[in-house]
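One letter stands for each residue in the lines below.
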Amino acid sequence: MSTMDLTLAARRVVLPDGIRPAAIGILDGRVAAIEAFENPPPSTAGIWFNEDEVLLPGLVDTHVHVNDPGRAEWEGFDTATRAAARGGVTTIVDMPLNSLPPTVDPAALEIKRKAAEGRVHVDVGFWGGAVPGNLPSLRPLHDAGVFGFKCFLLDSGVPEFPPLTHFELADALRVLGEFDGVMIVHAEDAEVIGAAPPSCGRRYRDFLASRPRRAENEAIKAVIALAHRTGTRVHILHLSSADALPLIAEAKAEGLRITAETCPHYLCFTAEDIPDGATQFKCCPPIREDANRDALWQGLADGVIDMVVSDHSPCTVDLKRLDTGDFGHAWGGVASLQLGLPAVWTEARRRGFDLSRVVDWMAAKPAALAGFARKGRIAVGADADLSLFAPDQPFTVDAHELAHRNPVTPYHGRDLHGVVRTTWLRGRETRDGALGQLLTRGEV
Ligand SMILES: [Zn+2]
């Protein structure tokens, strides 16, 4: 066996087949050996971890809005990827909207890459966007290396990224089918939202009423119907309405290629506990009632929901309208990239899930969605993207100590369990600087 560059040994390592003691040998940035804890591979350097520490694969967060270039005052590549690294996330995939230009053609993708180049602390891939009129750009964007395409079925919140009609979605799915692309969908129905009372004022109950569950349920029905017709792979973003779980379960049972994600905030918070005026909790679809949250956890337990990703979607402090607390005017989006793991873990352990399940939801499954063969698990040949996690260590969230750009998050003041102590990207500690690479489909 070759001599490793580094060996990391822990009493608890989260491997694809469970949690056990192991010594992980790293050579040239990849995992090159997985040996018994007592029998580490020959190595130039080695670290033996404490009893309270668990070695995890680096998490993969496929739902991050970096907003750079164009709205870099909301978030940027440097700050977002620093937050990711501190949160044990070693790969993010950036959403195609909220930056300017949006990533809807190869020229825009190139502008994104230039903005990110040399400034990222974790690996970064990009989603493309499907908007009215850009059908001819989908194949070129795929060839240029995006990992799939995002679309909306209602107003996205920014004018430069308009929604698709159902007809346009059908056309886009047909194009994606030609190269086996995946369509990731913001599934809320424009008509249902349009018929609901508009959101205004400080009352969370009124905001919730403006984004009813039926909007998600109807949109998901439509996506499933079109996926049936075209056979194209689809993915439901940020599922909040637990009423849609039977629809997704049935589609999966029929063999449809559909996956779904939910987000830490839908699993941690409840509408009943959100104070009026607390617009840091505003996101779309909204955080719903306690019983809905229980049902989402059941959906994860049953495998109907495949994964948990952040939907980190920050903005400047003033756009959150914390002064007036008006939900109608505040930007919708929750900032949480650094906190996903402890937030989900704190709630998961209370509900009796073990850390392997959490890692499956937050690393292996998102990696599979994007098609990352070398990410999301600790296995020989995989990139040595790892994090050291102390699952029992408590802490209180202070928004001002987080690395993302603007110190706003609904987790501020919340007591959580689980501290990420070190993160490695391809075998190097992320605190060593901007080690991240820009990922291209087919090369990772
Ligand atoms: Zn989003």
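Quick note: structure is the one above.
Note that the coordinates shown come from a computational prediction; the quantities given were computed from them, not determined experimentally.

Colleague: What am I meant to see in empty space enclosed by the protein here?
Modeller: Space left empty within the atom packing is revealed by a probe, the size of a water molecule, rolled over the atoms. Summed over all chains, the structure comprises 3 cavities of 30 Å³ or more. In this structure, the largest cavity occupies an estimated 80 Å³ of space. Leu59, Val60, Asp61, Gly87, Val89, Val308, Val309, Ser310, Leu337, Gly340, Leu341 and Met362 are the residues that line the largest cavity. Counting only elements with at least two residues in the lining of the largest cavity, the list comes to strand E6 (59-64) and helix H11 (340-350). Its residues assigned to classes, the lining of the largest cavity comprises 8 nonpolar, 3 polar and 1 charged. Each pocket or cavity is described by its volume, and for the second largest cavity that value is around 60 Å³. Lining the second largest cavity are 13 residues, and of these Pro314, Cys315, Lys320, Ala335 and Val408 lie nearest its centre. In terms of residue class, the lining of the second largest cavity is made up of 6 nonpolar, 6 polar and 1 charged.

Colleague: Mind showing me how you'd approach the layout of surface pockets here?
Modeller: By volume, the largest pocket amounts to about 610 Å³. Around the largest pocket, the lining comprises 33 residues; the ones closest to its centre are Asp155, Ser156, Gly157, Arg211 and Cys284. Where the lining of the largest pocket is concerned, the elements lending two or more residues are strand E10 (149-152), helix H5 (190-195) and helix H6 (204-210). Looking at the lining of the largest pocket residue by residue, the classes come out as 14 nonpolar, 13 polar and 6 charged. By volume, the second largest pocket is sized at about 490 Å³.

Colleague: Explain the sheet that holds strand E14 (residues 307-308) to me, please; I cannot follow it from the model alone.
Modeller: Spatially, the 6 strands line up as an open sheet ordered E9-E10-E11-E12-E13-E14, and their pairing is parallel. The open sheet has two edge strands with one neighbour each: strand E9 (128-129) and E14. The pairing of strand E12 (residues 233-236) with strand E13 (residues 258-262) spans 3 bridges and is classified as parallel. Bridge pairing in E13 places His235 opposite Thr259. Strands strand E11 (182-186), E12 and E13 of the sheet are contacted by helix H7 (residues 213-230), whose axis makes an angle of about 170° with E12.

Colleague: Can you help me understand the sheet that holds E6 in this one?
Modeller: Backbone-to-backbone hydrogen bonds pair the strands of a sheet. The strands run either parallel or antiparallel. A sheet is described by the order of its strands in space; here 3 strands give the open sequence E6-E7-E8, paired in parallel fashion. On the outer flanks of this sheet lie E6 and strand E8 (123-126), each paired with one strand and no other. Neighbour to neighbour, the strand axes of the sheet diverge by 20° on average, direction disregarded. Bridging between E6 and strand E7 (residues 89-94) involves 4 bridges; their strand directions are parallel. Among the inter-strand pairings, Val60 is bridged to a residue of E7, identified as Thr91.

Colleague: It is not clear to me how the coordination of the zinc ion should be interpreted in this structure. Could you clarify?
Modeller: A metal bound by six donors in octahedral fashion has ideal angles of 90 or 180 degrees, whereas one bound by four tetrahedral donors has an ideal angle of 109.5 degrees. Coordination of the zinc ion by the protein involves His63 (NE2), His65 (NE2) and Asp311 (OD), with metal-donor separations of 2.1 to 2.2 Å. Taken in sequence order, the residues that donate to the zinc ion follow the motif H-x1-H-x245-D. Pair noted here: His63 is in strand E6 and Asp311 is in the loop between E14 and H11, with a separation of 248 residues, a long-range link.

Colleague: What's the story with helix H1 (residues 77-86) in this structure? I'm lost.
Modeller: One turn of an α-helix holds 3.6 residues; hence residues three or four places apart share an orientation. Extensive coverage of H1 is indicated by the burial of 7 of its 10 residues. Taken together, the buried positions of H1 are Phe77, Thr79, Ala80, Thr81, Ala83, Ala84 and Ala85. Where the residues of H1 are buried, they touch E7, helix H2 (106-116), E8 and strand E16 (415-425). A positive backbone phi angle near 80° is found at Gly88, which sits one or two residues after H1.

Conventions and cut-offs
Residues numbered from 1 in each chain as written. Predicted model: local features only at pLDDT ≥ 70, side-chain atom pairs only at ≥ 80, totals over all residues. Heavy atoms only, no water. 1 Å grid on protein atoms, 1.4 Å probe; cavity = no way out; pocket = protein on both sides within 12 Å on 5 of 7 lines; lining within 4 Å. Points joined across faces, edges and corners; volume = space filled by probe spheres on them. Helix = DSSP H or I, 4+ residues; strand = E, 2+ residues; numbered from the N terminus. Nonpolar A, V, L, I, M, F, W, Y, C, P; charged D, E, K, R; others polar. Pairing = 2+ DSSP bridges. Contact = heavy atoms within 4.5 Å. Axes fitted to C-alpha atoms, helices over the stretch in contact; angles between N-to-C directions. Donors = N, O, S within 2.8 Å, 3.2 Å for Na, K, Ca; no water. Buried < 20%, exposed > 50% of the residue type's maximum accessible area, 1.4 Å probe, protein only.

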